[in-house]
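Residues per chain are reported as follows:
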Amino acid sequence: MVARDKLLPPETTIMKIGLQTWGSDGDILPFIALADGLSSAGHEVTVAYTSVDNKDYSHLGKAMNFRLFKAFEKFETDTESIFTALTQTKDPLKELSFMFEKYFDPAIEEMYAASRTLCTENDLVIGHIVNHTLLTAAQKYNCPRVSLALCPIAIQTKYVSPVGPNLGKMLNSLLWSFGDYMTQKKCFQAAAMIRDREGLPPIKSLQKELYISKELTLIATSKELCIHQRDWPENIKICGPLNLPEDGAQ
């Protein structure tokens, strides 16, 4: 569990905090663990989630005493054929694009509605790094947003290659920039549609605007597995893994 002072300054009074995530167990359960910790610290917490495999986590919210709701009710896709297709490709960008097409874009309006609710009803929001609807709502309604990364390789650094062996600072940086550009073009076109509708400019860099928050970016992994890279600003913090109590996911 992340220590409270890693996220909120010691002098902070009780706050209303909204969290939003998307994905499967590995993306949703850490947010529920964080919500449990914040709720236990006395904050009023709401979690919105979108489950790609249509799982219901409502019992966890009731057991842990915070509000937890689905931002999208159900995907009607043939899950077995989708995951078979995913296992047949070796291209990570193609996999991500396919996932967004089948499991993000169909839910985008409901997810944005949830993002809007969170940003207008809370003092602070915390979002999964790919959840662009929360970024848009946070900017639209001037709500501070914390970005939460569940995988350290998601955050760029010139000291590590995004794919394969370290190729040196210059080539690493070029690969990160190319990956940023291609991911935006392949996976985040729907984001531009909502942002245009809300009178906001398109996202120019996923790394600089979405994955990293100027307020605070948390990387939920062990410091034994990830170091704070020399080119990361101080608003990027390694907070440790976010785990539920052993009986929490039952």
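Thresholds, definitions, all that
Residues numbered from 1 in each chain as written. Predicted model: local features only at pLDDT ≥ 70, side-chain atom pairs only at ≥ 80, totals over all residues. Heavy atoms only, no water. Axes fitted to C-alpha atoms, helices over the stretch in contact; angles between N-to-C directions. Helix = DSSP H or I, 4+ residues; strand = E, 2+ residues; numbered from the N terminus. Parallel < 35°, antiparallel > 145°, perpendicular 65-115°, else oblique. Left-handed = near helix turned anticlockwise from the far one by under 90°. Contact = heavy atoms within 4.5 Å. Nonpolar A, V, L, I, M, F, W, Y, C, P; charged D, E, K, R; others polar. Buried < 20%, exposed > 50% of the residue type's maximum accessible area, 1.4 Å probe, protein only. Disulfide = S-S within 2.5 Å.

Asker: Help me understand the packing of helix α7 (residues 132-140) against helix α9 (residues 189-197) in this model?
Answerer: For any two helices packed against each other, one specifies the inter-axial angle together with the distance between the axes. Two elements in contact, α7 and α9, have axes separated by 10 Å at closest approach and are oriented at 20°. In terms of axis orientation, α7 runs roughly parallel to α9. The two elements α7 and α9 meet at a crossing, and its hand is right-handed. Only Ala 190, Ala 191, Ile 194 and Arg 195 of α9 make contact with α7, whose side of the interface consists of His 132, Leu 135, Thr 136 and Gln 139. Looking at the contact of α7 with α9, its residues break down into four nonpolar, three polar and one charged.

Asker: Hey, could you run me through unusual backbone geometry in this one?
Answerer: For residues that are not glycine, phi is negative in most cases, and the peptide bond is trans in most cases. In the Ramachandran plot, Asn 65 falls in the positive-phi region, its phi being about 70° despite a non-glycine side chain. Among the secondary structure elements, Asn 65 is positioned in the loop between α3 (58-64) and β3 (67-70). Look at Asn 65 and you get exposed, because its relative accessible area is 67%.

Asker: I'm lost on the state of the cysteines in this one. Help?
Answerer: By definition, a disulfide links the sulfur atoms of two cysteine residues through a covalent bond. Applying the stated rule across the entire model yields zero disulfides. Unpaired in this structure, Cys 226 has its nearest cysteine sulfur neighbour in Cys 151, at a distance of 9.0 Å. Among the residues examined, Cys 226 registers a relative accessible area of 8% and is labelled buried.

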